[in-house]
Protein chains: 4
Amino acid sequence: MSTGVWLIGARGSVAVTSMIGALAVRAGLTAPTGCVLESPALRNDALPRLGDLVFGGHDVSSVPLDKKAAALAEAGILPARLAEAVRDALFEIEQQVRPLPVGATQAEVAREIGADLDTFRRRHRLDRVVVINVSTTEPAPPPHPAHADLDALRAALDGPDPVLPPSSLAAYAALLAGCPYVDFTPSTGARLPALDALARAQGLPYGGHDGKTGETLVKSVLAPMFVQRNLRVRTWSGINLLGGGDGANLAEPAANAAKSASKQRVLAETLGYQPQGDTRIDFVEDLDDFKTAWDLITFEGFLGTRMRMEFSWHGCDSALAAPLILDLARLTSAAHQAGRVGPLTELAFFFKDPLGQVPHALSDQWQVLRDAVASYGAPGTPR
Amino acid sequence: MSTGVWLIGARGSVAVTSMIGALAVRAGLTAPTGCVLESPALRNDALPRLGDLVFGGHDVSSVPLDKKAAALAEAGILPARLAEAVRDALFEIEQQVRPLPVGATQAEVAREIGADLDTFRRRHRLDRVVVINVSTTEPAPPPHPAHADLDALRAALDGPDPVLPPSSLAAYAALLAGCPYVDFTPSTGARLPALDALARAQGLPYGGHDGKTGETLVKSVLAPMFVQRNLRVRTWSGINLLGGGDGANLAEPAANAAKSASKQRVLAETLGYQPQGDTRIDFVEDLDDFKTAWDLITFEGFLGTRMRMEFSWHGCDSALAAPLILDLARLTSAAHQAGRVGPLTELAFFFKDPLGQVPHALSDQWQVLRDAVASYGAPGTPR
Amino acid sequence: MSTGVWLIGARGSVAVTSMIGALAVRAGLTAPTGCVLESPALRNDALPRLGDLVFGGHDVSSVPLDKKAAALAEAGILPARLAEAVRDALFEIEQQVRPLPVGATQAEVAREIGADLDTFRRRHRLDRVVVINVSTTEPAPPPHPAHADLDALRAALDGPDPVLPPSSLAAYAALLAGCPYVDFTPSTGARLPALDALARAQGLPYGGHDGKTGETLVKSVLAPMFVQRNLRVRTWSGINLLGGGDGANLAEPAANAAKSASKQRVLAETLGYQPQGDTRIDFVEDLDDFKTAWDLITFEGFLGTRMRMEFSWHGCDSALAAPLILDLARLTSAAHQAGRVGPLTELAFFFKDPLGQVPHALSDQWQVLRDAVASYGAPGTPR
Amino acid sequence: MSTGVWLIGARGSVAVTSMIGALAVRAGLTAPTGCVLESPALRNDALPRLGDLVFGGHDVSSVPLDKKAAALAEAGILPARLAEAVRDALFEIEQQVRPLPVGATQAEVAREIGADLDTFRRRHRLDRVVVINVSTTEPAPPPHPAHADLDALRAALDGPDPVLPPSSLAAYAALLAGCPYVDFTPSTGARLPALDALARAQGLPYGGHDGKTGETLVKSVLAPMFVQRNLRVRTWSGINLLGGGDGANLAEPAANAAKSASKQRVLAETLGYQPQGDTRIDFVEDLDDFKTAWDLITFEGFLGTRMRMEFSWHGCDSALAAPLILDLARLTSAAHQAGRVGPLTELAFFFKDPLGQVPHALSDQWQVLRDAVASYGAPGTPR
Ligand SMILES: NC(=O)c1ccc[n+]([C@@H]2O[C@H](COP(=O)([O-])OP(=O)(O)OC[C@H]3O[C@@H](n4cnc5c(N)ncnc54)[C@H](O)[C@@H]3O)[C@@H](O)[C@H]2O)c1
Ligand SMILES: NC(=O)c1ccc[n+]([C@@H]2O[C@H](COP(=O)([O-])OP(=O)(O)OC[C@H]3O[C@@H](n4cnc5c(N)ncnc54)[C@H](O)[C@@H]3O)[C@@H](O)[C@H]2O)c1
Ligand SMILES: NC(=O)c1ccc[n+]([C@@H]2O[C@H](COP(=O)([O-])OP(=O)(O)OC[C@H]3O[C@@H](n4cnc5c(N)ncnc54)[C@H](O)[C@@H]3O)[C@@H](O)[C@H]2O)c1
Ligand SMILES: NC(=O)c1ccc[n+]([C@@H]2O[C@H](COP(=O)([O-])OP(=O)(O)OC[C@H]3O[C@@H](n4cnc5c(N)ncnc54)[C@H](O)[C@@H]3O)[C@@H](O)[C@H]2O)c1
Ligand code: NA
Ligand code: NA
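Predicted, not measured: the structure shown is a model, and the values here were computed from it.

Peer 1: Report on the interface of chain C and chain D, specifying residues and quantitative values.
Peer 2: Interface size is commonly expressed as the accessible area that is lost once the parts come together. At the junction of the two partners, chain C supplies 60 residues and chain D supplies 60 residues. Surface buried jointly by chain C and chain D totals about 4,700 Å² across both partners, of which 65% is contributed by carbon and sulfur atoms. For the chain C face of the interface with chain D, the top three residues by lost area are R229(C), F302(C) and L303(C), together amounting to 21%. Taken together, the links from chain C to chain D amount to zero salt bridges. For the interface between chain C and chain D, the tally reads 15 residue pairs in polar contact (both at pLDDT 80 or more). Counting residues per element, the ones that place at least two in the side of chain C that touches chain D are α1 (13–26), α9 (215–228), β9 (290–300), β10 (306–316), α12 (317–337) and α13 (362–376) of chain C. It is β10(C) that contributes the most residues to the side of chain C that touches chain D, eleven residues altogether. Alignment of β10(C) against strand β10 (residues 306–316) of chain D, held across seven bridges, turns out to be antiparallel. When the bridges of β10(D) are listed, S312(C) appears paired with E310(D).

So this is what it looks like as structure tokens:
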């Protein structure tokens, strides 16, 4: 099942790490560590293989992929020898990365995006193309009546003023072109009633939001522990220190607010109440893609005894995110093939702020994922 | 369903905290925080209520319960006003605590223990008595052929030399007297083939070992996270600093070794391999019952990137253990009533070193527990 | 040498803890742990003794001292039995605490404050009265031309509009009444050219700003370590989580900014450059006076190797601050007696944001302090 | 002032990192970060320059230096491009590294060592040669009467049985050959009365023991902070997790004990009492030269309030140690030239377990060092 992976933000850290990783695994140069679908419990023939993925994408930047690769190697995010080893294959991907189209109206931009997707699909004879947003996080857009209604949206897109934020325009274009869409960022993406309607009309699935790669991942296993032990969490406070392109952008208050909100949801949903405390994101340029998160949890046990737990997490964000991009491409492709339509709630395992009414405990999300994977390949499922 | 809770080590910190806690909850003075069976998902009428528990026990110490209570209050383990409020009720329990019997042979001691259990049951007209070992952790006993065979054991117990460590003698006596037995410590307890045979012969269930209240609890949710994300744990090292009676005893190399082994099992079982690193237990008298555990986990992600996580846990051991004693008494009573015989694998949720081939991920253990609780009370189950 | 200690904010946590502590030490109920002047290296007969201190003060709150004491005991900041033991003596101090005067002009308020100070001094036949500000931290005031010139200030104070923030008005009033003034908060206090002129004209010393009791204290020993080892600090980031009255106030952005700036100065001054990273203060009500600070330091060593250090500090702010109030009262009294005029740079040891060009390494500040203490009592010094 | 640096253990991590570092700094490829003598406050013309150092040494291993360099680069301890850039210069040093001599008696081995030192000095026309021990840590040797008396020692060395541990034999040989000796390890080295007598007879200085590069360094600034604030440290516990050659050796109980004792001294000496708690060293091979140390400090403040602090230190041991080797060579050379004889107490700044009655607070040690450096170059001092 040959699957195209079209990345919005194709020249960014996550995108390029995922490309190089896929090439390196395919070439047998490295193990698929961090690829969830490669763990024994989830391996399934109904999924496209890592080697079946074909990459392309849009970006507003024009820094060549190999230059970005060199920068990632320099920063210790990937081994220089791997970047070197896949240089030629990366150069082929370079040919598939196109500047984000511009146009007089958003409708026109969407058509151009769709045309790029069509060209990509035809040129590589792909069974399907999954569009994944890994571009810079946007601020939440101002509300607009056309967000709620597909016809109104179509009309508005023909007007001179932008109606959709870039992520939602990409989602619109992708769905229109028959491509499932996944948002790895906290941006709006397909999360508008009008776009949900479009996805359903097109018979397409979509997924998101905001890849879960660090502090929130840990929260999603610790919070259930407190619940299951019937211990009362009184405060849960955290800080995330990170540099990198993503960090720089998150230093903007609006983007920071979008992200912090994503990160808090797991507590209220899992605990059933909101403990005191906030989650901060601080930009510290020198830390680059190596994020340090620290959390303090104070809790109460039997007879009111006060106790506490701290953790610090020192992870490489791109290295944690990139294999999930590969997983999401394969899963969304299989879900599409299996006829799934609308929000892919089974992907909650991957996201800080998942779509739909879903469990927030990681172990529950894992079971939902495992069942979904099994169902994609169940006998009788259309392949 | 009136249930007796007979504690071996009834004058220790865990025992006295559990007694005072049960009395205080019953009197409406405090919430049952930390009592697993009081969480909405597990509440079940098939379980004896907290208020149905009647306490008694054996100890080699003769420090009165209220003196111990005062010491616990002084150390900040329980609020002085609670200890004060349940003083009279605690004095009633004092009457049920007896010195550990002595005798010429271990068989004789066992008979005396059984006689104490009978008296307790009759005096309080109890439906059943659950014996729980919360006494000082023993070193692992030297192997003995009689451990493997019930008849050989019976014969050996009549001889002049001790064959069983105290925890196993207590288990033997309890089972002989028709009482289910649970070991909250890492001591041998019922974990001998001869005693398993006795339990089956008597139609009795038993449970253990080693209450999971801190570092191992956290391990049992973090290790599955690494597995589910297909991240490779390279090293996992930890240290536990604790004082208190338990800490003093664990400073003995033999007891320390027994406990450290308990604490490591979760990693190999969950990860499927044993990462480098050890778990230490250090006695620091001044810390008393407030234990600090610190763990360092180094792991590898996509493209071999090295990452790390640290946590420190600052818990009050008795406050964490005591409500579990109440849970275990209620569960074991209900399991007995429901006709369960042999090792209670459904109690794995509570233990560092659970009996049988059981899951080690906390969330899986929780589901097993939930299903078991449901089954105890299922229609058609003998009540 | 009988010394009055007049506290602005006399009903706050720091104030009441310092009063109770002084009373308890005097009564032999507790050791003077945390009182710097009681360490062998600094004990000096030229200083007023702890028992010579007489307390009074102003506050805008009217909560009685013993009610505040009970709240502090309830929160675990001081032992209930100590609060009980000094109840009568505390009631005597209660008589010396007066509402902050109000008036038509700031000049009038200053006169009222001065009158209260005179009454206090006369009633207790005090050799001198030291005024110490431990009230709520203010936002930085808007600049005003009268801040730079004493005559202009005098004129402006007679006008209808407020010219000085409360801390500076207190400083003005104190100096006018012949009392040395110390600011334990980051507020402006005496830190205005016009007030410096007044202090000099009156022959009075003054001190400040912002008691150093946690994260900054640790910074002031760790930063010199990196300097002395010639290791390059690349980033230093921190977060302070605290509740309590002080925490609530610091949640206000303006006060928070004032405090964060105080906390960063030590790094630039000690390292000679400003590493990347910020210091945050977050209000988490439930933590009350128990503050947790966490800092991450990344640094570079030989051949560019990157290394890191983390610390977390869990301190009780009032317990750390209160003994320093006693130290500052005694030192300022002795400095006054020794004829010191103007900013007391020798008190840098106590402050996050000390007055004047002073060393910022704690060990250097300690030596300056020790030399100053010795000089106060040197033969020939006026006593 | 051309100075030979003769390293016992010349093929180890610390040795090779120090050689490559010296070459790289000399070639202008890297800054001398971590070299204490290169900080502005200590720069002094009386010291040999970094570029004046000439390297040689003994080792029992025969792994070539460039192979070790490649391994260090692979492990991330030094940049591969630096190792590459100094390859030729390193090859020249390779010619000066000789196998540790063997002989029928220890006297004979000492003569061979001395001969190697003489050859080295003559070949490079060196003003002096400093011998520094950076070989594997030894267990403490059994006591022997000859350790206390130089004549007895001379006699015993001629016998068939070994009298001295390798580090002391190296010290004996060095001193006999007119070379100052420094021990960077916790091994015995020159720390025997007979060897002190020899050093004095030869008019030579010596230094040690046990380079202070991590946890103990931090202790030496934090412990004085608690003293100066008159806070009572109740417990101080720590664990060091490390791999590498040194770590493997320290896993041996005897070596571990030697090292742990070194690490505890600073507390008792600085605080004036020994708080509860121990320091552990655990071998975790995979961590290699990147050591993680974690310490928990619990302390008591005003009115008995309990507080706590934790730190974790993640340092690269060789990168921290190597520049100190360069500092020690230069300082010892200058001290020798300045006529210093016997134990170099001014080097306490560098050691966990310094010689003599010296301050243990880092800031005091720094001042002693600064004064010593100044005195080496004072006018009138023989150069
Ligand atoms: N790495 C993680 O762990 C993680 C986790 C969750 C979410 N995310 C999100 O993934 C996204 C990518 O992260 P990154 O570290 O690769 O960031 P990055 O800054 O390295 O890359 C973002 C890329 O998007 C491009 N871009 C910006 N606007 C665009 C637009 N309108 N259309 C197309 N391309 C555009 C940029 O030019 C850049 O190349 C961010 O939004 C981040 O918040 C990352
Ligand atoms: N608190 C926890 O979190 C936790 C977790 C797991 C296991 N445990 C285990 O629970 C046990 C109790 O812990 P604790 O903190 O209450 O210890 P403790 O020292 O306060 O109490 C132990 C009691 O057992 C008594 N005892 C000793 N030998 C006995 C014997 N042969 N027969 C009867 N009584 C005997 C002692 O006199 C004492 O009163 C320990 O074995 C501990 O390892 C505790
Ligand atoms: N505790 C520490 O470690 C520490 C360290 C440095 C600085 N400080 C500063 O010390 C001050 C006191 O801290 P706290 O914890 O006692 O706070 P708190 O809120 O408990 O007490 C402040 C008191 O000041 C009173 N007050 C407010 N405005 C006043 C005014 N204009 N005149 C007179 N009284 C006034 C309040 O009514 C209150 O009683 C704060 O400014 C804090 O920032 C504390
Ligand atoms: N790196 C640090 O931060 C630090 C701090 C304090 C002390 N030290 C000490 O420095 C020493 C060296 O550390 P390392 O990391 O380089 O260790 P390493 O294992 O890499 O090197 C030790 C070298 O000594 C050699 N050796 C062993 N026995 C010898 C002998 N008898 N004569 C000559 N050579 C011998 C070994 O072959 C090896 O090449 C250790 O003793 C360590 O405890 C290191
Ligand atoms: Na910590
Ligand atoms: Na930490």
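Peer 1: Explain helix α12 (residues 317–337) of chain D residue by residue, including any values.
Peer 2: In this model α12(D) runs 30 Å from its N-terminal to its C-terminal C-alpha over 21 residues, within 8% of the 30 Å that 1.5 Å per residue would give. Of all 21 residues that make up α12(D), 21 are buried, and the element is covered over most of its length.

Peer 1: Which residues make up the sheet that holds strand β5 (residues 181–183) of chain C, and what values go with them?
Peer 2: All names here are of chain C. Strand order across the open sheet formed by seven strands is β3-β2-β1-β4-β5-β6-β11, with parallel pairing between neighbours. Lying at the two open borders of the sheet, with one neighbouring strand each, are β3 (97–99) and β11 (342–343). Alignment of strand β1 (residues 3–8) against strand β4 (residues 128–133), held across six bridges, turns out to be parallel. Among the inter-strand pairings, W6 is bridged to a residue of β4, identified as V131. Across the sheet, α1 lies against β1 and β2 (53–59), angled at about 165 degrees from β2, the strand it touches most. Helix-sheet contacts for α12 involve β1, β2, β4, β5 and β6 (205–208), and the interaxial angle to β4 is about 135 degrees.

Peer 1: Any details on the relation of the copies chain C and chain D? Residues and values, ideally.
Peer 2: Relative to chain D, chain C is turned by 180 degrees and slid 0.0 Å along the rotation axis, the superposed coordinates differing by an RMSD of 0.0 Å. Expressed as a symmetry operation, the mapping of one chain copy onto the other fits a two-fold axis. Of the C-alpha atoms belonging to chain C, the one lying closest to the rotation axis is found on F311(C), 2.0 Å away.

Peer 1: Tell me about the site of ligand 1, and please be specific about residues and values.
Peer 2: Residues and elements named next belong to chain A. In the neighbourhood of ligand 1, 27 residues make up the surrounding shell, with D59, S135, T137, T213 and D246 lying closest. Between an oxygen atom of ligand 1 and a side-chain N or O atom of T213, the distance comes to 2.8 Å. Compared with its free state, where it exposes 850 Å², ligand 1 has 90% of that area covered by protein. Contributing elements (two or more residues each) for the shell around ligand 1: α1 (13–26), α10 (244–250) and α12 (317–337).

Peer 1: With reference to specific residues and values, describe the site of ligand 4.
Peer 2: Residues and elements named next belong to chain D. Taken together, 27 residues form the shell around ligand 4, and within it D59, S135, T137, T213 and D246 come nearest. Within the contact set of ligand 4, an oxygen atom lies 2.9 Å away from a backbone nitrogen or oxygen of S13. Separating an oxygen atom of ligand 4 from a backbone N or O atom of S135 is a distance of 2.7 Å. At the level of elements, α1 (13–26), α10 (244–250) and α12 are the ones that each hand at least two residues to the shell around ligand 4. Of the residues belonging to the shell around ligand 4, the class tally is eight nonpolar, eleven polar and eight charged. Both domain 1 (3–210 + 319–376) and domain 2 (215–316) contribute no fewer than three residues apiece to the shell around ligand 4.

Thresholds, definitions, all that
- Residues numbered from 1 in each chain as written.
- Chains lettered and ligands numbered in written order.
- Predicted model: local features only at pLDDT ≥ 70, side-chain atom pairs only at ≥ 80, totals over all residues.
- Heavy atoms only, no water.
- Contact = heavy atoms within 4.5 Å.
- Buried area = accessible area lost by both parts, 1.4 Å probe.
- Salt bridge = Lys/Arg side-chain N within 4 Å of Asp/Glu carboxyl O.
- Polar contact = N/O pair within 3.5 Å; in protein donor to acceptor, adjacent residues only side chain to side chain.
- Helix = DSSP H or I, 4+ residues; strand = E, 2+ residues; numbered from the N terminus.
- Pairing = 2+ DSSP bridges.
- Expected span 1.5 Å × (residues − 1).
- Buried < 20%, exposed > 50% of the residue type's maximum accessible area, 1.4 Å probe, protein only.
- Axes fitted to C-alpha atoms, helices over the stretch in contact; angles between N-to-C directions.
- Least-squares fit on C-alpha atoms with pLDDT ≥ 70 in both.
- Near = heavy atom within 4 Å.
- Areas by Shrake-Rupley, 256 points an atom, 1.4 Å probe, with all protein chains shown as cover.
- Nonpolar A, V, L, I, M, F, W, Y, C, P; charged D, E, K, R; others polar.
- Domains from an automatic or database assignment.

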